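Notes for the structure review
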Amino acid sequence: MKILAVIIGRKNSKRLKNKHHLLIKNKKVINYTLDLLKNFKYFSKTIVSTDDKKIIQLIKKYPKFIPLERPSKLSKDKTKPIQVIRYVYRWHLKKFGKVDGIFVFQPTSPLRSKNTINKMLKIYKNFKTKRAVVSVSPVNEHPEWMLSIKKSKIKPLINYKSFIKRSQNCKKLHKINGLGYLLTPKDVLTGNTLIPQNSIPCECSSQFEAIDIDTFEDLIKARVYIHYLKYFQKKI
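All values reported here derive from a predicted model rather than from experimental measurement. (Residues numbered from 1 in each chain as written. Predicted model: local features only at pLDDT ≥ 70, side-chain atom pairs only at ≥ 80, totals over all residues. Heavy atoms only, no water.)

1. Thoughts on the pattern of salt bridges
What the rule picks out here adds up to five salt bridges. A salt bridge links Asp77 to Arg10; the nearest nitrogen and oxygen atoms lie 3.2 Å apart. A residue pair is termed long-range when its members are at least 10 positions apart, and Asp77 in the loop between strand S3 (65-69) and helix H3 (81-95) and Arg10 in the loop between strand S1 (3-9) and helix H1 (29-37) qualify at 67 residues. When its relative accessible area of 22% is taken as the criterion, Arg10 is described as partly exposed. A network of salt bridges, in which partner residues are shared, links Lys27, Asp35 and Lys38. (Salt bridge = Lys/Arg side-chain N within 4 Å of Asp/Glu carboxyl O. Helix = DSSP H or I, 4+ residues; strand = E, 2+ residues; numbered from the N terminus. Buried < 20%, exposed > 50% of the residue type's maximum accessible area, 1.4 Å probe, protein only.)

Written out as structure tokens, the structure reads:
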């Protein structure tokens, strides 16, 4: 099974400036993904797609990785990730040929584990590389408890009865966590999303691993978890 790994990291993040270069325990956010993948044997190539000059310079320390500068037309706020992945894979087709799958990584998930990657690869192989695999996590804040506020009034998303439901009685739901998207070549070349309709879920039960650095609060959570990780492991 020949799998291409693609790391996507755009320069101008809106909600949290320069988030790929922020530090968690004296290490840049993006380095957690780079260090995790640098010795992974299952990827035929690892391409880093970015318009960030600092990331391109950083990749020089990882000789096995291929930096691919992203064109400005694919570095806009409205650019969809699948458009970037399609550009990368078409480039790869011309240079190195076909693969059996494309594994997409976002560097904003610094706590991603090898176990999650291996689980996704195993599922993909079990389904004969014919269906995409997407990492998901159980939701903590259930939609049945959510509401909107209109003219200083609470309006339930579902109905008022849902507010008195216990968590045990709520429907078990999951959300996309951003830890990984393993796509078929067809998904990449003809699709318009990283989550195709026939995707197979790969559940990650760890809320810490699923932290996605999108806000300053997310960054603090990751820093606290990394700081106390060894302490927690000793206590368990």
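2. Examining the sheet that holds strand S4 (residues 101-105)
Taken together, seven strands build an open sheet; the order of strands is S3-S2-S1-S4-S8-S5-S9 and the sheet is mixed. Strands at the two margins of the open sheet, each flanked by one partner only, are S3 and strand S9 (200-203). For this sheet, the mean angle separating the axes of adjacent strands, direction not counted, is 30°. In terms of strand pairing, strand S2 (residues 43-50) meets S3 through five bridges, oriented parallel. Paired with Ile47 across the bridge in S3 is Ile66. Here H1 sits on the sheet in contact with S1, S2, S3 and S4, set at roughly 170° to S1. (Pairing = 2+ DSSP bridges. Axes fitted to C-alpha atoms, helices over the stretch in contact; angles between N-to-C directions. Contact = heavy atoms within 4.5 Å.)

3. Here's the deal with the environment of Tyr42
Its place among the elements puts Tyr42 in the loop between H1 and S2. Accessibility expressed as a relative area gives 51% for Tyr42, which makes it exposed. When the C-alpha positions of Tyr42 and Leu74 are compared, they lie 28 Å apart, and in sequence the two are 32 residues distant. Sequence-distant contacts of Tyr42, defined by excluding residues within four places in its chain, comprise Ile3, Asn118 and Leu121.

4. Here's the deal with H3
Helix length check: H3, at 15 residues, gives a terminal C-alpha distance of 21 Å against a target of 21 Å (1.5 Å per residue), a fit within 8%. Every buried residue belonging to H3 is among Ile82, Val84, Ile85, Arg86, Val88, Tyr89 and His92, and all of these are buried. On its buried face, H3 sits against S1, S2, S3, S4, strand S8 (174-183) and helix H5 (185-190). Within two residues after H3, Gly97 carries a phi angle of roughly 95°, on the positive side. (Expected span 1.5 Å × (residues − 1).)

5. Overview of the confidence of the model for the protein
In this model, the protein carries a mean pLDDT of 90, and residues with pLDDT of at least 70 account for 97%. Of all secondary-structure elements in the protein, the lowest mean pLDDT belongs to helix H6 (residues 216-235), at 78, while S4 reaches the highest, 98. (pLDDT = per-residue confidence, 0-100.)

6. Here we look at the packing of aromatic side chains
Counted according to the given criterion, the structure contains eight aromatic pairs. Look at Phe43 and Phe105: their rings are 5.9 Å apart centre to centre, the planes differ by 75°, and that puts the pair in the edge-to-face class. With Phe43 in strand S2 and Phe105 in strand S4, the pair connects residues that are 62 residues apart, well separated along the chain. Residue placement shows Lys27 over the ring face of Tyr32; its charged tip is 4.5 Å from the ring centre. (Phe/Tyr/Trp six-rings, centres within 6.5 Å; stacked < 30°, edge-to-face > 60°. Lys NZ or Arg CZ within 6 Å of the ring centre and 35° of its normal.)

7. Section: the nonpolar core
Within soluble globular proteins, side chains that are nonpolar generally end up buried alongside one another. Ranked by size, the top nonpolar core spans 26 residues in total, and within it Leu34, Phe43, Phe103 and Ile117 carry the most contacts. Elements supplying a minimum of two residues to this core: S1, H1, S2, helix H2 (53-59), S4, helix H4 (114-126) and S9. Ranked by residue count, the leading element in this core is H4, at five residues. Among residues more than four places away in sequence, those in contact with Phe43 are Ile3, Ala5, Leu37, Phe103, Phe105, Ile117 and Leu121. Formed by 21 residues, the second largest nonpolar core is a distinct cluster that contains Ile47, Ile66, Ile85 and Val104. (Core = buried A, V, L, I, M, F, W, Y, C linked by side-chain atoms within 4.5 Å.)

8. Focus: the pairing of S9
Burial along S9 is one-sided: the face carrying Ile200 and Cys202 is buried and the face carrying Pro201 and Glu203 is not. Bridge analysis of strand S5 (residues 133-138) against S9 gives four bridges, and the strand direction is parallel. Residue Ser135 lies in a different strand from S9, and its bridge partner there is Cys202.

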